[in-house]
Amino acid sequence: MVRKLATTEPTEETLRAMAVDRGLDIEPERLRAALAMHVKFRHELDQLRAVRLEFLPPYIEPATAVRWIENGGRLP
Amino acid sequence: MTELADLSISELLDEFRAHRASPSEAVESCLGRIERLDGRVNAVLTWLVERATTQARRSTQRWMTGQAGPLEGIPYGLKDIIATAGIRSTGGSALYKDNVPLESATLAQRLAAAGGVLIAKLYTFEFAAGSNATTSNPWDLDRWACGSSSGSGAAVAAREMPLSVGTDTGGSIIGPAAYCGIVGVKATFGRVPRTGIMPLCWTLDHAGPMTRSALDAALALSVMAGYDPKDPSSGQRPVDDYVGGIDRTVQGVRIGLPTDWFYDICDPEVEAACRRAAGVLQDLGATVVEVPLPSTKIVHPHAIELTIIYAELASNHDVNLERLDEYGPEFQKLFIRSQFTSADDYLKALRARHLLQLDFQDAFERVDALIVPGMLSTAPRHDHLVAKIGDTEYPLLDIASRPTAIMDIVGVPTLCFPVGFDSLGLPIGAQVAARPYDESLCFRLAHAYQKVTDFHKAVPPLVQDDASVVMAGHRSTTRPAILEKPIVTATKDSVW
């Protein structure tokens, strides 16, 4: 599998399918509003998705950020 | 003639200590200010007249008997996502309009134990994220006070009280402080307990004081900060003596001006004011150098912020998903969008936080503190919510949290303080940020700046006009014991 930055935007149908899968019945107008917010945000989200986080050390897990703060701005 | 409502916390404490004024008189002065101005400012959601008057009487007694606490008799307000026992705590939402907690939030308990007198609960964006159509900026009532701690910022700027408490997930303390020309502190993540505060996002939520001077903020944070076993994110370090060290020289302190991110998109007047503020500190003996934050070019902090907020908001509010229609229109949009956040995006955002922390770690090898803008522009008009950067207008939410959310993501302490006015006479704020748990340095630098400047003493025209009303002897004699204003969540101009 090769990861590429997305070249197409999700559609209303994409979100509807996700909603149905979760058992949510969302009115079309609300779905369109959510889609508009998602599309607006998409470029930044793609940047985040493109970030490579290493599998080998120094490994970062969510708790790493909290440990860094507790230790005064560095890791033990 | 100076009204007691115009005095800072430290000035009021001096008056009480010398028995030149009493908490009863100070509370009366603040209630009068609210009565006269808040119909236009709309910072106060719930006005606690009878309760405040009774508590002020007890505080007055404690000053007489030598039992005064560190904030004895200081009037204050709380953002209405903070629980207060026996007082409605709405979250700024119709969903919880009748919510009356049995127990106060930890920080509210601490303020009360220190002798503070709660006089009002303050308007907030719905659950610190939706919208608030009501609160205006005391510097120009046609303009936004920012959010989500809009009531907390406006109330202090309007001299309705010398202290309020706000919360900050993406900039909700720093933003209102910058727009309203006051001091706001977002301490280190975990420094101020969040027990009893309605959550927006547990990874990024902070609470902190909003005041008119750095010294006042140090006094307030000294009471609010410290370990709370009920808050799973609470830091266990002992609390520094923020007030004791505040007068120490800034000679030799190394200040950094980031070359990335913060000044990339910034109104020229705001940037100039921030650089001048660094120059003032340089004149006092600090050194100023430029520092890079290269990861901000790779990891967009806004993407981290929104992804984490969406995911945790969805989880927090899942219990009320069936009551979607009861939320305000802005929060509804957020809530529905949040349903489509994937687990891998959320985990990537949580892990990528540390990349930004490593940038700050490198910067703090070279400097002790950073000076950056509080907000990138000054307060926009209610009817035109944009960020005006020079001649370019940006959608407000696209860039509003740019200088602030990164501080929540990284978790470092930051303090916003007024550093000037733009050509329209609107306040400009700068942030001073330091290493985790070095709030003392933020206070020291801002206090040193405020000892040689007077931007923090500037009074909005609205309040100046009120002073002449007071001198003319206007005084109301009929007040309700409690006044509960309506929650308004619709906006004329969509924020999101």
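1. Brief notes about the overall build of chain A
Here comes step 1: Looking only at helices and strands, chain A has three helices and zero strands in total.
Here comes step 2: Within chain A, counting contacts between residues at least 6 apart in sequence, those at least 24 apart form 38% of the total.
Here comes step 3: Total accessible area computed for chain A in this model is approximately 5,400 Å², and 56% of it derives from carbon and sulfur atoms.

2. So, the interface of chain A and chain B
When the parts of a complex come together, some accessible area is lost, and that lost area is often used as the size of the interface.
Here comes step 1: Each partner contributes to the interface: chain A provides 38 residues, whereas chain B provides 46 residues.
Here comes step 2: Linking chain A with chain B are four salt bridges.
Here comes step 3: In this structure, the salt-bridge partner of Arg74 of chain A is Glu365 of chain B, at a minimum N-O distance of 2.5 Å.
Here comes step 4: Remark: the boundary between chain A and chain B carries 14 residue pairs in polar contact (both at pLDDT 80 or more).
Here comes step 5: Of all elements in the fold, only helix 1 (12-21), helix 2 (28-50) and helix 3 (62-70) of chain A reach the threshold of two or more residues within the side of chain A that touches chain B.
Here comes step 6: By residue number, the principal contributor to the side of chain A that touches chain B is helix 2 of chain A, which donates 13 residues.

3. A closer look at the sheet that holds strand 14 (residues 414-421) of chain B
Residues and elements named next belong to chain B.
Here comes step 1: Read from one edge to the other, the open sheet built from 12 strands follows the order 10-9-11-15-14-7-8-6-2-3-1-16, with strand pairing classed as mixed. Every other strand in the sheet has two partners, leaving strand 10 (287-291) and strand 16 (483-484) as the edge strands with one partner each.
Here comes step 2: Pairing geometry for strand 9 (residues 254-258) and strand 10, over five bridges, is parallel. The residue bridging Leu257 from the neighbouring strand is Glu290, located in strand 10.
Here comes step 3: Packed onto the sheet, helix 5 (residues 150-157) meets strand 2 (75-79), strand 3 (117-122), strand 6 (163-168) and strand 8 (206-211) and runs at close to 150° relative to strand 6.

4. Side note on the packing of helix 8 (residues 268-283) of chain B against helix 14 (residues 439-452) of chain B
Residue and element names in this part refer to chain B.
Here comes step 1: Look at helix 8 against helix 14: their axes get within 10 Å of each other, and the N-to-C directions meet at 90°. Regarding the angle of helix 8 to helix 14, the classification is roughly perpendicular. For the pair helix 8 and helix 14, contact is made by Ala277, Val280 and Leu281 and by Leu445, Ala448, Tyr449 and Val452, respectively.
Here comes step 2: For the contact of helix 8 with helix 14, the residue count by class is seven nonpolar, no polar and no charged.

5. Re the side chain of His317 of chain B
All names here are of chain B.
Here comes step 1: By secondary structure assignment, the location of His317 is in helix 9 (residues 301-317).
Here comes step 2: What makes His317 buried here is its relative accessible area of 5%.
Here comes step 3: Filtering out sequence-adjacent residues up to four positions away, His317 remains in contact with Phe127, Pro199, Tyr327, Phe331 and Phe335.

6. A short note on the pairing of strand 13 (residues 392-395) of chain B
All names here are of chain B.
Here comes step 1: The pairing of strand 12 (residues 386-389) with strand 13 spans four bridges and is classified as antiparallel. By the bridge assignment, Lys388 is partnered in strand 13 with Glu393.
Here comes step 2: Here strand 12 hands over to strand 13 after two residues, with Gly390 in that stretch at a positive phi of 60°.

7. Regarding the nonpolar core
Here comes step 1: Formed by 185 residues in total, the largest nonpolar core has its most connected members in Leu107, Leu111, Ile119, Phe360 and Phe417 of chain B.
Here comes step 2: Top element by residues in this core is helix 11 (residues 343-366) of chain B. It accounts for nine residues.
Here comes step 3: Excluding its chain neighbours within four sequence positions, the residues that come into contact with Phe360 of chain B are Trp68 of chain A together with Phe262, Leu293, Leu370, Ile406, Met407, Val410 and Val412 of chain B.

8. Some remarks on the confidence of the model for chain A
Here comes step 1: Overall, the prediction assigns chain A a mean pLDDT of 88, with 89% of residues at 70 or greater.
Here comes step 2: When the elements of chain A are averaged for pLDDT, helix 1 of chain A gives the smallest value, 88, and helix 3 of chain A the largest, 97.

9. Examining the environment of Gly184 of chain B
All names here are of chain B.
Here comes step 1: Mapped onto the elements, Gly184 comes out in strand 7 (residues 183-186).
Here comes step 2: Placed 155 residues apart in sequence, Gly184 and Ser29 show a C-alpha to C-alpha distance of 23 Å.
Here comes step 3: Other than its neighbours up to four places away in sequence, Gly184 contacts Ile173, Ile174, Ala177, Pro209, Met210, Thr414, Leu415 and Cys416.

10. With respect to empty space enclosed by the protein
Here comes step 1: What the rule picks out here adds up to six cavities of 30 Å³ or more.
Here comes step 2: Each pocket or cavity is described by its volume, and for the largest cavity that value is around 320 Å³.
Here comes step 3: Around the largest cavity, the lining is made up of 24 residues, and of these Gly147, Ser172, Glu305, Leu397 and Ser401 of chain B lie nearest the centre.
Here comes step 4: In terms of residues, the lining of the largest cavity owes the most to one element, helix 9 of chain B, which gives four residues.
Here comes step 5: Split into classes, the residues belonging to the lining of the largest cavity amount to 13 nonpolar, 10 polar and one charged.
Here comes step 6: When its volume is computed, the second largest cavity comes out at roughly 40 Å³.
Here comes step 7: Lining the second largest cavity are His38, Phe41, Leu45 and Arg49 of chain A together with Thr307, Tyr310, Arg337, Phe340, Thr341, Ser342 and Asp345 of chain B.
Here comes step 8: Of all the secondary structure elements, the ones that give two or more residues to the lining of the second largest cavity are helix 2 of chain A together with helix 9 of chain B.
Here comes step 9: Element by element, the count of residues in the lining of the second largest cavity is highest for helix 2 of chain A, at four residues.
Here comes step 10: A breakdown of the residues in the lining of the second largest cavity according to their chemical character gives four nonpolar, four polar and three charged.

Basis of the calculations
Residues numbered from 1 in each chain as written. Chains lettered and ligands numbered in written order. Predicted model: local features only at pLDDT ≥ 70, side-chain atom pairs only at ≥ 80, totals over all residues. Heavy atoms only, no water. Helix = DSSP H or I, 4+ residues; strand = E, 2+ residues; numbered from the N terminus. Contact = heavy atoms within 4.5 Å. Areas by Shrake-Rupley, 256 points an atom, 1.4 Å probe, with all protein chains shown as cover. Salt bridge = Lys/Arg side-chain N within 4 Å of Asp/Glu carboxyl O. Polar contact = N/O pair within 3.5 Å; in protein donor to acceptor, adjacent residues only side chain to side chain. Pairing = 2+ DSSP bridges. Axes fitted to C-alpha atoms, helices over the stretch in contact; angles between N-to-C directions. Parallel < 35°, antiparallel > 145°, perpendicular 65-115°, else oblique. Nonpolar A, V, L, I, M, F, W, Y, C, P; charged D, E, K, R; others polar. Buried < 20%, exposed > 50% of the residue type's maximum accessible area, 1.4 Å probe, protein only. Core = buried A, V, L, I, M, F, W, Y, C linked by side-chain atoms within 4.5 Å. pLDDT = per-residue confidence, 0-100. 1 Å grid on protein atoms, 1.4 Å probe; cavity = no way out; pocket = protein on both sides within 12 Å on 5 of 7 lines; lining within 4 Å. Points joined across faces, edges and corners; volume = space filled by probe spheres on them.

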